[in-house]
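# Breakdown of the fold
The chain contents come next:
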Amino acid sequence: MLVLGLESSCDETGAAVVEDGRTIRSNVVATQHDLHRPFGGVVPEVAARAHAERITALADEALAQAGCSPRDLDAVAVVNRPGLVGALLVGVAAAKGLALAWNKPLLGIDHIEAHVYAAHLAGFEVYPHVSLIVSGGHTCLYRVDAPGSLELAGQTRDDAAGEAFDKVAKLLGLPFPGGPALARCASAGNAHAIEFPRCGPNEKPGDTLDFSFSGLKTAVYYKLHGGARGKGKEPVALSEAQRADMAASFQEAACEILVEKTLSACARLKLDAAAVGGGVACNKRLREIFQTRAEAAQPKLRVFFPPPALCTDNAAMTAGLAYHRLARGEADGWELDVDPTPKRRKVRGK
Ligand code: KG4
Ligand code: ZN
């Protein structure tokens, strides 16, 4: 079965054709980084407008690269939750138009579940496993038993991991998007120059599977402003070497938190496989720390990282996950709507 997937939940427009949930026939992404860079962050209205300008041409491109015509498709799938409301609306309207014109079933897909599915799409034999999703808007741990069958085990209480990278990058004067810029800057620094906190003052790392990055972000802010009394004042001037040390020390702390929580989840849930997804999963230091800590903690533990193109936002993971709903005979009606807020409840069986 061939599914055309569309993605427009944040600042990447994506279209992809995936066969039987696993063979990527095409996967095209139009990034909006250049449009948002002057503003230092994603501007929702700018994102929605750019999606509207690009999405149908991108769908044509995905079909052309896949070597198929609309007639060959079995369904049109689209991310309808969670994300920026205006951005989601563009994708859902485009998917409805195409599905109606081509007389195909329409499927609405959860963006976080699609990130979880990226490990399956990458060809790994993962089930059952712990999935760590670390993106610009979400930081969650799930127990995953099958495609789309997941149970929330932990999530962030404040900032998402990618958001923390982006905000600290901004504090350090690095350009948008902050995560990759911070990782580049960190590569020249000493990761142990500053020992940033890994957990709250009265906490031990294994106490909870929930995350919190606000303390770490504040610690970087204070370091840059010469302590709590420097709040609101100009940051201290940093040499390039000091900035690299600060970036590397922050990255080390953030990555260690993510790895330790994931290993705790594997131990608590008695699972010997973990997969990582979302934009922050592109981080090389995160991948290294995972490999070394996992081997030391649990020699049998397998850790899977999809290739970077399947970690950042893309429509292939949307089309791939939709195949499993389609195979069960499911489809959504024309009343399919967007839902910008993530589900906080346990999500089993969808
Ligand atoms: O999954 P994604 O593409 O979009 C969302 O669904 O949010 O993730 C984007 C996030 C951004 O916060 C970006 O700064 C971060 O992933 N990111 C990184 C790296 N590459 C992207 N963070 C740290 N290191 C990287 N190499
Ligand atoms: Zn995402």
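Whatever comes next refers back to the structure up there.
Here we summarise the structure given alongside this text. Computed from a predicted model, the values in this text were never measured in an experiment. (Residues numbered from 1 in each chain as written. Chains lettered and ligands numbered in written order. Predicted model: local features only at pLDDT ≥ 70, side-chain atom pairs only at ≥ 80, totals over all residues. Heavy atoms only, no water.)

## Focus on the site of ligand 1
- The environment of ligand 1 is formed by 18 residues, the closest being Gly 136, Asp 166, Gly 179, Gly 279 and Asn 283.
- For ligand 1, an oxygen atom lies 3.3 Å from a polar atom in the side chain of His 111.
- Between ligand 1 and the protein, one listed contact pairs an oxygen atom with a side-chain N or O atom of Asp 313 at 3.1 Å.
- In the complex, the protein chains occlude 88% of the 550 Å² of accessible area that ligand 1 would expose alone.
- Elements supplying a minimum of two residues to the shell around ligand 1: α4 (111-121), α5 (161-171) and α6 (178-186).
- Ranked by residues supplied to the shell around ligand 1, first place goes to α5 with three residues.
- Of the residues in the shell around ligand 1, the class split is five nonpolar, eleven polar and two charged.
- Here the shell around ligand 1 gathers at least three residues from each of two domains, domain 1 (2-115 + 310-327) and domain 2 (126-305). (Near = heavy atom within 4 Å. Polar contact = N/O pair within 3.5 Å; in protein donor to acceptor, adjacent residues only side chain to side chain. Areas by Shrake-Rupley, 256 points an atom, 1.4 Å probe, with all protein chains shown as cover. Helix = DSSP H or I, 4+ residues; strand = E, 2+ residues; numbered from the N terminus. Nonpolar A, V, L, I, M, F, W, Y, C, P; charged D, E, K, R; others polar. Domains from an automatic or database assignment.)

## Side note on the layout of surface pockets
- Roughly 260 Å³ of internal volume is contained in the second largest pocket.
- What lines the second largest pocket is a set of 19 residues, among which Arg 198, Cys 199, Gly 200, Glu 203 and Ser 212 lie closest to the centre.
- Looking at the lining of the second largest pocket, the elements that each hand over two or more residues are α7 (214-224) and α8 (240-269).
- Ranked by residues supplied to the lining of the second largest pocket, first place goes to α8 with four residues.
- Residues that form the lining of the second largest pocket fall into these classes: seven nonpolar, five polar and seven charged. (1 Å grid on protein atoms, 1.4 Å probe; cavity = no way out; pocket = protein on both sides within 12 Å on 5 of 7 lines; lining within 4 Å. Points joined across faces, edges and corners; volume = space filled by probe spheres on them.)

## Describing the pairing of strand β6 (residues 129-134)
- Among the six residues of β6, six are classified as buried, and the element is accordingly described as predominantly covered.
- On β6, burial covers both faces: His 129, Ser 131 and Ile 133 on one face and Val 130, Leu 132 and Val 134 on the other are all buried.
- The pairing of β6 with strand β7 (residues 139-146) spans six bridges and is classified as antiparallel. Across the sheet, residue Ser 131 finds its bridge partner in β7, namely Tyr 142.
- Between the antiparallel neighbours β6 and β7 lie four residues.
- Two elements, β6 and strand β9 (residues 273-277), share four bridges in a ladder whose sense is parallel. Each bridged residue has a counterpart across the sheet, and for Leu 132 the counterpart in β9 is Val 276. (Buried < 20%, exposed > 50% of the residue type's maximum accessible area, 1.4 Å probe, protein only. Pairing = 2+ DSSP bridges.)

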